[in-house]
Structure formats: C-alpha cells, structure tokens
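A structural walkthrough
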Amino acid sequence: PKFFCFFSIVVHVVVASDKHALGGMITLVNSIYHNTNASVQYHLIITAQSHDHLKVWLNEVPLKFLDFDVVVFPEEWVNHKIVAHGGREDLERPINYAQMFLPSLLPNIHNKIIYIDPDCIVQGDISELWATELQPGKIAAFSSDCSHLAKRASMFHNRFVSYLNFDNPLIHKAGLRPETCSFNTGVFVTDLGLWRHYNITEELQDWMTINFQQEVYGNREGGGGPQPLFLIVFNNKYTELDPFWNVRQLGKALDIQHFYPSPCYVLFHQGVPTGQQYSRQFLQSAHLLHWNGRIKPWDAGAHYQYLWDKYYIGDPVREFHVIRKFKKKN
C-alpha cells in the first residue's frame, strides 16, 4: 500500500457504472492508483444490482488499500424520463444520468470533484487534473471538441447542431447557436458548491423533462445520454480542460485515409493501421485515454487494448468478461 502525508489534500474522483462497465470502473481506479502519489478518495456510484459484485472486486489487492465509498444510484430518479435516438441502447441505461445528480449522491462534498467515465484510464498524475482552476463565473471544466488536438487528431462532429434539434423553438429561445463548439462530458472537473448554488441538477432535470415531451436531442451524434443536456445547461459556463486530459474517440472505428493533412499528421498517424487514429508514441504521452463510442476497451474489436489491459484486475466472481482475439500459432 501507498502511504500519504496526513495533511495532504484529498483528490475526490467520481466514477459511475452498472454491470456492463464494472470492469472499466475497476481498471480506471487501478490506473489512477498506479500513476499518482496523491491522496485520492474514490466515490463509486453503482446500480443496486452490481453493489455486492463491486464490493467483492474491491477486496482484491491493491484495491483493498484504497479510500473509497460505494453509492447506490436510485434508478427511479430517471426511469420513464429517458428518450434516446440513433440506435445507441447503451446510452439509455439509467446509470449514464448519475452525473446529473452529483450533489445529491455526494451530500458531504462541497468543493471540487473530478468525474470520469468508466471507459477511461488515467496515465498522468490525477493531482494535475485536480489542479485545474475554474475561471470566474464558470461552474465546470470540460474538454472542447474544437481544441487543436481534438480537431486534428480525430474526425467527429464538434458543433451543437450535431447534438441538438434546432427546429425546436425552445433551443433558439435558450440562446443556443448551431455553430457553437461542443464539449465532451465523459471527463470533467466541477465544484459541487457552485453546482448547488446555480441549481444545475434542477436545470438538467427540466431539460430532460422537455426532451421527454418534445424532441430536443438531434438525430445524429446526440442520439442519447446526458451530453445534449449538459451542452444546453453548461453553455458559456465552463472552462476548457487541457485536451491531453481527455484523448478520446478511441471507441470509434475511423479510417485515417480520410483524415486531412496537417502538421501533426506524422506525429498522430505514422505507422498506424487503418481504423486507428493515434500513434503509440502519442498515446503513451496522453494523460487520460477515453474509449467513448460503441467499442469499449474490454470488447474484442477495441483499439489499443494493450494500454487498458495492463491495469485490468481480473473479476474474482467471473461475471465480467474481457473479450480478446488471439492469433493461432502455426
């Protein structure tokens, strides 16, 4: 076990998962542990169905030495309120909306927290992400989809028009513009004191209700999940994260032959096979890797499995399955 100074600052990290990504939660926590000397408290939000399973898994070395609390997410908070488009059934799972209710789930925390999706691993020192300062008047820090890295290293929709239905008059009334840069909600830093002060949860819930009654989400990238809601509520209210703290699109199959040339082309693409958009050199230097998209790092077709696998701790009850393709030996 690692030992920390009694007076050290505690970094609060929040991860939410159900049974489908439980191995991802474990792997993420283990990756943070192995790359920092900071004192970290892990707040693990889980469905009731997976509570006991997680507790058994957390008893494995080195996880048993960590400071964590397990919080059960009341799924009734979002039941019969979720509407998704675009065929992504995984985005309809209630646990995806747990990030909307952080103040209620963590009533004793009144300052900064880091939220990270379970399809991520951390390769940098989490204390550096914790050190992110929120600019005056801002409530959270997200990674912009229009950052230099995001635009040059991957091809994906990066404007509000890809996530929101601008034919809905309420979108226009809210002062939103289709050309506004979007941001990714899978990794963020926020201050729960500010979140409570500005009634962010209530505002997110209001837009969730509106979307249930009439279409607010767009029909393309914004097929489901809380991201469109966050884009609406946090518009002009966020600080930009260092893009190396959310190197994403790893769960999406992309053909690099269609990337436009850029000065970064050699750095990102040299020697990288079709369907992968980053070089090994770049990925190893990234602080946080994010397999957002349909293909998760525990799936057979995932890119860069070797980076995720080194932090995975086997499931002691063998309910979570990591699928790998093995080449036959001649």
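Please refer to the structure higher up on the page.
Calculation notes
- Residues numbered from 1 in each chain as written.
- Predicted model: local features only at pLDDT ≥ 70, side-chain atom pairs only at ≥ 80, totals over all residues.
- Heavy atoms only, no water.
- Buried < 20%, exposed > 50% of the residue type's maximum accessible area, 1.4 Å probe, protein only.
- Helix = DSSP H or I, 4+ residues; strand = E, 2+ residues; numbered from the N terminus.
- Pairing = 2+ DSSP bridges.
- Salt bridge = Lys/Arg side-chain N within 4 Å of Asp/Glu carboxyl O.
- Phe/Tyr/Trp six-rings, centres within 6.5 Å; stacked < 30°, edge-to-face > 60°.
- Lys NZ or Arg CZ within 6 Å of the ring centre and 35° of its normal.

**Brief notes about the pairing of strand β6 (residues 140-144)**
For β6, a buried count of five out of five residues is recorded, marking the element as mostly surrounded by other parts of the structure. Strand direction decides the pairing type here: β6 and strand β7 (residues 183-191), joined by five bridges, are antiparallel. Looking at the pairing, Ser 144 lines up with Phe 183 of β7. Where β6 and strand β8 (residues 238-240) come together, three bridges link them in parallel fashion. Considered in β8, the bridge of Ala 141 is made with Thr 239.

**A word on the pattern of salt bridges**
Opposite charge on two side chains makes pairing possible when the charged atoms of those side chains draw close. Counted according to the given criterion, the structure contains five salt bridges. Put simply, Lys 296 and Asp 119 hold a salt bridge, and the shortest N to O gap is 2.6 Å. Taken as a pair, Lys 296 in the loop between β9 (288-290) and α12 (305-309) and Asp 119 in the loop between β4 (112-116) and β5 (120-122) lie far apart in primary sequence, 177 residues in all. Accessibility expressed as a relative area gives 14% for Lys 296, which makes it buried. In this structure, Arg 248 and Asp 145 form a salt bridge, with 2.6 Å as the shortest nitrogen-oxygen distance. Of this pair, Arg 248 sits in the loop between β8 and α10 (265-269) while Asp 145 sits in the loop between β6 and α5 (148-153), placing them 103 residues apart in sequence.

**What to know about the packing of aromatic side chains**
Taken as a whole, this structure holds 23 aromatic pairs when the rule is applied. Between Trp 77 and Phe 101 the ring centres are 5.0 Å apart and the planes differ by 45°, which places this aromatic pair in the tilted class. One end of the pair, Trp 77, is in the loop between β3 (67-72) and α3 (102-105); the other, Phe 101, is in the loop between β3 and α3, with 24 residues separating them in the sequence. By relative accessible area, Trp 77 is classed as partly exposed at 28%. Both rings, one in Tyr 312 and one in Phe 320, keep their centres 6.4 Å apart while their planes meet at 40°; by these two values the pair is tilted. We classify Phe 320 as buried; its relative accessible area is 9%. Through a chain of ring-to-ring contacts, the aromatic side chains of Tyr 115, Phe 142, Phe 183, Phe 188, Trp 195, Phe 230, Phe 234 and Tyr 238 assemble into a single cluster. Between Lys 112 and the ring centre of Trp 130, over which it is positioned, the NZ or CZ distance is 5.4 Å.

**Quick look at unusual backbone geometry**
Each neighbour pair has its own omega, and for Val 61 with Pro 62 the value is 0°, a cis peptide bond. Position of Pro 62 among the secondary structure elements: in the loop between α2 (51-57) and β3. Even without being glycine, Asn 236 reaches a positive phi, approximately 65°. Structurally, the position occupied by Asn 236 is in the loop between α9 (227-233) and β8.

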